[in-house]
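# Overview (structure and organization)
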Amino acid sequence: MLPKISFILPCYNVAPYVGRCIESIENQDIPQSEYEIICVDDCSADNTVEVIRQYQQLMPNIVLIQHETNKTSGGARNTGIESAKGEYIWFVDPDDMIRPNVLRRLYACVSSLDLEILMFNIDIRYEDQIIEHRIVHQHCDEVLSGVDYIANYAGRRGIYCVTAIYESIYKRSFLLERHLRYPKMKAGEDIIFAWKCMLEVQRCSAIEDSCYIYIRRLNSVTGHVGKLNNVVIISRSVLYACELQKILNQ
């Protein structure tokens, strides 16, 4: 039996965090046989691979893929898309966590409505353990196209309400049939991917449930304000603008 959900974790030097992430995914209300965890190691220089292999010995639903050359997080997620077997895909950053016992509810929603994308809310946890409940998506009783969802439910936030990839699960066949992949960028590739998906999707909806815990770390790519290297700056400016232009042309 094929899994219902494939979790895709792009892993690069996340040895201190990836175990916590895997354990949160395993703390769910459906059997391990009904989902898989695909860890794509993108040439880590620490012992990330060893940590994942230790969990593999205990959890047969973990798949480890190792890149021979670094492809960035977007490339690692693309590898995960190609390797996934689940009906739906959830992109999870390995330094974040999944809330306990959310898979049964999520799968019931997407399968009953035959959705291509289902959106939900997240909690943000800071290093000092303060939790912020981030309510972006209101409960939607309709099945809409991505464009109609933005027009009817996004409100003042507009397209920005659908740019966090970890706030959604995606039907794998939808991504494959529409050839939706992450662009080759050092930063911002997830936002571009989310925009492309929302332009293409014909069956999406949202629930108010908080299903994901985003961990705000000061030394992460997004949290390390003011200390970005030149490659990331170019990616967020020049390459980002080029990808936006492609979307506008579409």
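Cut-offs used in this document
- Residues numbered from 1 in each chain as written.
- Predicted model: local features only at pLDDT ≥ 70, side-chain atom pairs only at ≥ 80, totals over all residues.
- Heavy atoms only, no water.
- Helix = DSSP H or I, 4+ residues; strand = E, 2+ residues; numbered from the N terminus.
- Contact = heavy atoms within 4.5 Å.
- Salt bridge = Lys/Arg side-chain N within 4 Å of Asp/Glu carboxyl O.
- Axes fitted to C-alpha atoms, helices over the stretch in contact; angles between N-to-C directions.
- Parallel < 35°, antiparallel > 145°, perpendicular 65-115°, else oblique.
- Left-handed = near helix turned anticlockwise from the far one by under 90°.
- Nonpolar A, V, L, I, M, F, W, Y, C, P; charged D, E, K, R; others polar.
- Buried < 20%, exposed > 50% of the residue type's maximum accessible area, 1.4 Å probe, protein only.
- Phe/Tyr/Trp six-rings, centres within 6.5 Å; stacked < 30°, edge-to-face > 60°.
- Expected span 1.5 Å × (residues − 1).
- Core = buried A, V, L, I, M, F, W, Y, C linked by side-chain atoms within 4.5 Å.
- Polar contact = N/O pair within 3.5 Å; in protein donor to acceptor, adjacent residues only side chain to side chain.

Once that is clear, we can look at the overall build of the chain. When you go through the chain residue by residue, the secondary structure sums to eight helices and nine strands. Within the chain, contacts between residues separated by at least 24 positions form 77% of all contacts whose residues are at least 6 apart in sequence.

Turning to the pattern of salt bridges, a few remarks are in order. Summed over the entire model, instances satisfying the criterion amount to eight salt bridges. Two residues, D123 and R99, come together in a salt bridge whose shortest N-O distance is 2.7 Å. Taken together, the residues D123 in strand β6 (residues 117-126) and R99 in the loop between β5 (97-98) and α4 (103-113) connect sequence positions 24 residues apart. One salt bridge in this structure joins D209 and R105, with 3.1 Å as the shortest N-O distance. Here the residue D209 occupies a position in strand β9 (residues 204-216), and R105 occupies one in helix α4, the gap between them amounting to 104 residues.

What follows is about the packing of helix α1 (residues 15-26) against helix α2 (residues 48-56). Contact pair α1 / α2: the axes reach a minimum separation of 8 Å and the direction vectors enclose 25 degrees. Here α1 is positioned roughly parallel relative to α2, judged by the angle of their axes. You can see that α1 and α2 cross each other, and the crossing is right-handed. Here α1 contributes A15, V18, G19, I22 and E23 to the contact with α2, which in turn contributes T48, V51, I52 and Y55. When grouped by side-chain class, the residues that make up the contact of α1 with α2 number six nonpolar, two polar and one charged.

Tracing the chain through its elements places N78 in helix α3 (residues 72-83). Classification of N78 as buried rests on a relative accessible area of 15%. Leaving out residues up to four positions away in the same chain, N78 has contacts with R181 and Y182.

This paragraph deals with the packing of aromatic side chains. Two numbers describe a pair of aromatic rings. These are the distance of the centres and the angle of the planes. Enumeration over the complete set of coordinates arrives at 13 aromatic pairs. Ring centres of F7 and Y35 lie 5.9 Å apart, and the angle between their planes is 80 degrees; this geometry places the pair in the edge-to-face category. Separated by 28 residues along the polypeptide, F7 in strand β1 (residues 5-11) and Y35 in strand β2 (residues 35-41) bring together distant segments of the chain. Residue F7 shares its accessibility class with Y35, and that shared class is buried.

Here the focus is α3. The end-to-end C-alpha separation of α3 is 17 Å, in line with the 16 Å expected for 12 residues at 1.5 Å each. Buried residues dominate α3, accounting for nine of its 12 residues. Buried residues of α3: T72, G74, G75, A76, R77, N78, T79, G80 and I81, and no others. Its buried side turned inward, α3 meets β1, β2, β3 (62-66), β4 (88-91), α6 (172-177) and α7 (189-200).

Now for α7. For α7, built from 12 residues, the straight-helix expectation of 16 Å at 1.5 Å per residue is met to within 8% by its first-to-last C-alpha distance of 17 Å. Buried residues of α7: E189, I192, F193, A194, W195, C197 and M198, and no others.

Of all hydrophobic cores here, the largest spans 75 residues; its most connected members are F7, L9, W90, F91, Y149 and L175. Contact partners of L175, with chain neighbours within four places excluded, come to I81, I89, F91, Y170, L180, R181, F193 and C197.

With that out of the way, let us pick up the environment of S112. Topologically, S112 is positioned in helix α4. Within polar-contact distance, the side chain of S112 engages the backbone oxygen of A108 at 2.8 Å. There is a polar contact of 3.1 Å between the side chain of S112 and the backbone oxygen of C109.

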